[in-house]
Every structure is written in structure tokens, then in C-alpha cells.
Amino acid sequence: MKINLAHLRERSTTGGWIDFIVFDAKSTTNNNKQLLIELTSKARMNGLKVDKSALAYETNGRLEFYGTKDLVEYLSNIGLPQWTHTIDI
């Protein structure tokens, strides 16, 4: 199964860089935490640098995010990024 993801790098508020990933989790399970851990680990095994990660999914037609608190807040302001990669799970 292929999962879409956005692997992005943005300047942090402290001046450094943050590498983050947003996964396309079309529908989520009861255990978002475990799913995010597994997908993040898989992305790292595929050579992607990940400081923070989040899931993006729809609930009742509304876009939602699950993950690192400050990343979720950032994504809530900018919206869903463009997918840049896919990984097989």
C-alpha cells in the first residue's frame, strides 16, 4: 500500500531549520499515535530526515491533523501541503 506524504523544511521561530513530514492518512484508526510512530519510522528508514511529523485526514468532511502540537498548529494555519513523496507500507 502506498502512502502519500509531504516532506518539507521550514525555518523555525528560533532561526534554525525544521524538517517535517505530513502523512496522508485518508482514514485513521483508533490508534493515531501508533500509526504516526510507524509511518515516521518507515520514512526515516527510507532516508528522510524527520524532526516532527503529523497525520492529515478528514473527519465528517473536515480536514484534521494529529501529531506534534506545534506542527499541528502550524498546519492548521497553512492548510494541507502538496504531497512530495510516497512510501510503501
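Calculation notes
Residues numbered from 1 in each chain as written. Predicted model: local features only at pLDDT ≥ 70, side-chain atom pairs only at ≥ 80, totals over all residues. Heavy atoms only, no water. Helix = DSSP H or I, 4+ residues; strand = E, 2+ residues; numbered from the N terminus. Rg over C-alpha atoms; globule rule 2.2 N^0.38 Å. Buried < 20%, exposed > 50% of the residue type's maximum accessible area, 1.4 Å probe, protein only. Contact = heavy atoms within 4.5 Å. Lys, Arg positive; Asp, Glu negative; His and termini not counted. Charge placed at Lys NZ, Arg CZ, Asp CG, Glu CD. Polar contact = N/O pair within 3.5 Å; in protein donor to acceptor, adjacent residues only side chain to side chain. Pairing = 2+ DSSP bridges.

Novice: Where do I start with the overall build of the chain in this structure?
Specialist: Along the chain, the regular secondary structure elements total two helices and five strands. Start at the N end of the chain and walk to the C end: the helices and strands fall as β-β-α-β-β-α-β. In terms of overall dimensions, the chain is globule-like: its C-alpha atoms have a radius of gyration of 12 Å, near the 12 Å expected for 89 residues. By its C-alpha atoms, the chain is 35 × 30 × 20 Å across when sized along the principal axes. Here the chain holds 89 residues, and 34% of them are scored as buried. Looking at the chain alone, contacts between residues at least 24 apart form 55% of all its contacts between residues at least 6 apart. Positive and negative charge centroids in the chain, built from 11 and 10 side chains respectively, lie 4 Å apart.

Novice: Which parts of the structure should I look at to understand the environment of lysine 49?
Specialist: Looking at the secondary structure, you find lysine 49 in the loop between helix H1 (32-45) and strand E3 (52-59). The exposure class of lysine 49 is partly exposed, given its relative accessible area of 45%. Taking the C-alpha atoms as reference points, lysine 49 and glutamate 38, eleven residues apart in sequence, are found 15 Å from one another. Not counting residues up to four positions away in its chain, the partners in contact with lysine 49 are His7 and Asp19. Separated by 3.3 Å, the side chains of lysine 49 and aspartate 19 make a polar contact. A distance of 3.0 Å separates the side chain of lysine 49 from the side chain of aspartate 51, its partner in a polar contact.

Novice: Explanation requested: the pairing of E3 in the structure shown.
Specialist: Looking down a regular strand, the side chains alternate between one sheet face and the other. Pairing between strand E2 (residues 17-24) and E3: five bridges, direction parallel. Pairing of aspartate 24 across the sheet is with alanine 56, part of E3. With six bridges joining them, E3 and strand E4 (residues 62-67) adopt antiparallel strand pairing. Across the sheet, the residue bridging to alanine 56 is phenylalanine 65, located in E4. If you look at the hairpin formed by E3 and E4, you'll find two residues sitting between the two strands, and asparagine 60 has a positive phi there, around 55 degrees.

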